[in-house]
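# Working through the structure, step by step
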Amino acid sequence: MALDPAGQHLRHVEKDVLIPKIMREKARERCSEQVQDFTKCCKDSGILMVVKCRKENSALKECLTAHYNDPAFYEECKMEYLKEREEFRKTGIPAKKRLQKLPTSM
């Protein structure tokens, strides 16, 4: 059974693991200010971070959750995943390897 490179069907692992992974990565980028604030607070507070960084943690959770629950954001990440998968099915080269620069001289 040959796979259609442009096929839109998603397996469970793609829906439940791979697309949410892309969502987490993109949400962290979009919430970078909250991530930085929380990270700084944790570094400054040491062992008391659980108590001292509640405000920063709540802001970070709120930002990430807003992205996770946004259907348009899910669709955006799904389309990105499908594009990567289609390219992989055509070339056989994973996205990470495709993005690396090839050596110019041997």
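Look up: the structure comes first, before these words.
Residues numbered from 1 in each chain as written. Predicted model: local features only at pLDDT ≥ 70, side-chain atom pairs only at ≥ 80, totals over all residues. Heavy atoms only, no water.

## A look at the packing of helix 2 (residues 32-45) against helix 4 (residues 54-68)
Look at helix 2 against helix 4: their axes get within 9 Å of each other, and the N-to-C directions meet at 155°. Put simply, helix 2 runs roughly antiparallel to helix 4. The hand of the helix 2/helix 4 crossing is left-handed. Along its contact with helix 2, which presents Gln 34, Val 35, Asp 37, Phe 38 and Cys 41, the element helix 4 presents Glu 56, Asn 57, Ala 59, Leu 60 and Cys 63. The residue makeup of the contact of helix 2 with helix 4, split by class, is six nonpolar, two polar and two charged. (Axes fitted to C-alpha atoms, helices over the stretch in contact; angles between N-to-C directions. Helix = DSSP H or I, 4+ residues; strand = E, 2+ residues; numbered from the N terminus. Parallel < 35°, antiparallel > 145°, perpendicular 65-115°, else oblique. Left-handed = near helix turned anticlockwise from the far one by under 90°. Contact = heavy atoms within 4.5 Å. Nonpolar A, V, L, I, M, F, W, Y, C, P; charged D, E, K, R; others polar.)

## Quick notes on helix 5 (residues 71-91)
Taking 1.5 Å as the rise per residue, helix 5 with 21 residues should run 30 Å; its terminal C-alpha atoms sit 30 Å apart, in good agreement. Taken residue by residue, helix 5 has Phe 73, Cys 77, Lys 78, Tyr 81, Leu 82 and Arg 85 as its buried positions. Each element contacted by the buried residues of helix 5 is listed here: helix 1 (12-30) and helix 4. (Expected span 1.5 Å × (residues − 1). Buried < 20%, exposed > 50% of the residue type's maximum accessible area, 1.4 Å probe, protein only.)

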